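For reference, the chains in residue letters:
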Amino acid sequence: NMVPRSIIFAVLGVENQFIDYENKTCNFDSPEFIELLEYAKSLPKESEIDWNAEYESPDPNAVYRNDEVMIKEATFREMNNYLSDKVAFGLNDDIIAIGYPTKDGSNGSAVVMQDAFAISADSEYKDTAWEFLKSVVSEEAQSGENSRWSMPVTTYALENNIKSEMETYYSFRNNGWSAKSSPFEESEIGPGETPANFTQKEVDEFVSILDSITLEAGASDQDLMNIIVEETDAYFNDAKSAQETAEIIQGRISIYLSENS
């Protein structure tokens, strides 16, 4: 479930679709942003959502398998997250990564950086900094058991993860999973649990999703987001129209960019 404000933040978080920081311009008064506002307003408000229903349900994934819900927000921090989502929809069903809405209708899936590094152009120690960066992406740093629990940045490490995952067997339940190096016996599978493991088919699907991602979800500028919160709240409470809201946001953020970029 996405409440109105969260869908706007999610879309704005992908590649700054409505802001050009380099040229200090924005286009919040565009038809695309107005359409986004109107769509967000059509979603249930937070007070209308029973957040406990999913956790109280004996099988919260039934809504996906029964085609009651067609879209699920997914985050792949590690490979078995993909397998878990396959179980949610049904192992025989295909998963299509569409991501959040984009202006040109392209795939809106995005990479979220856990750590990001940069070297200052004014640094006196560029060579030392480069050596550190090389160590971060070295074979040694990107390999090992810990690399399985987050997505690596090198092909070598990903291939190692794939090999490890194809040798691992899982049993998924509503609130987690168990793993072992051999198939689960029937007596080891609890009520409501689903055994699953990566075959070449699931590996190919997962790698295809990774290869399709071209966008990056960036860190949000809190002051800028505060402007959007103030103005969209007025729209969601029927104080302004979508057109008026977009024009006000355009004006305020244009001034903000000129003063702070």
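Peer 1: Can you walk me through unusual backbone geometry in this structure?
Peer 2: The phi torsion of most residues other than glycine is negative, and most of the peptide bonds are trans. If you check the backbone angles, Lys 24 has positive phi at about 55° while not being a glycine. The residue Lys 24 is located in the loop between β1 (19-20) and β2 (25-26) in this model. You will see that Asp 67, though not glycine, has its phi angle at about 65°, which is positive. Mapped onto the secondary structure, Asp 67 falls in the loop between α4 (62-65) and α5 (79-89). The exposed category is assigned to Asp 67, whose relative accessible area is 53%.

Peer 1: Is there a simple way to think about the sheet that holds strand β4 (residues 169-173) in this case?
Peer 2: Either a parallel or an antiparallel arrangement is found when strands of a sheet pair, and the pairing is made through backbone hydrogen bonds. Ordered in space as β5-β4-β6, the three strands form an open sheet in which the pairing is antiparallel. The sheet is open, and its two edges are formed by β5 (176-180) and β6 (194-197), each paired on a single side. Neighbouring strand axes in the sheet, compared pairwise and without regard to direction, differ in orientation by 25° on average. Both β4 and β5 contribute to a ladder of five bridges, which runs antiparallel. Paired with Ser 171 across the strands is Ser 178, a residue of β5. α5 contacts β4, β5 and β6 of the sheet and is inclined by roughly 55° relative to β4.

Peer 1: Where do I start with the pattern of salt bridges in this structure?
Peer 2: Two side chains bearing opposite charge may form a pair once their charged atoms approach each other closely. Enumeration over the complete set of coordinates arrives at eleven salt bridges. Ionic pairing is found between Asp 238 and Lys 41, a salt bridge with its closest N-O pair at 2.5 Å. One end of the pair, Asp 238, is in the loop between α10 (222-236) and α11 (242-260); the other, Lys 41, is in helix α2 (residues 31-42), and 197 residues separate them in sequence. The exposure class of Asp 238 is exposed, given its relative accessible area of 59%. Two residues, Lys 134 and Glu 131, come together in a salt bridge whose shortest N-O distance is 2.8 Å.

About the thresholds
- Residues numbered from 1 in each chain as written.
- Predicted model: local features only at pLDDT ≥ 70, side-chain atom pairs only at ≥ 80, totals over all residues.
- Heavy atoms only, no water.
- Helix = DSSP H or I, 4+ residues; strand = E, 2+ residues; numbered from the N terminus.
- Buried < 20%, exposed > 50% of the residue type's maximum accessible area, 1.4 Å probe, protein only.
- Pairing = 2+ DSSP bridges.
- Axes fitted to C-alpha atoms, helices over the stretch in contact; angles between N-to-C directions.
- Contact = heavy atoms within 4.5 Å.
- Salt bridge = Lys/Arg side-chain N within 4 Å of Asp/Glu carboxyl O.

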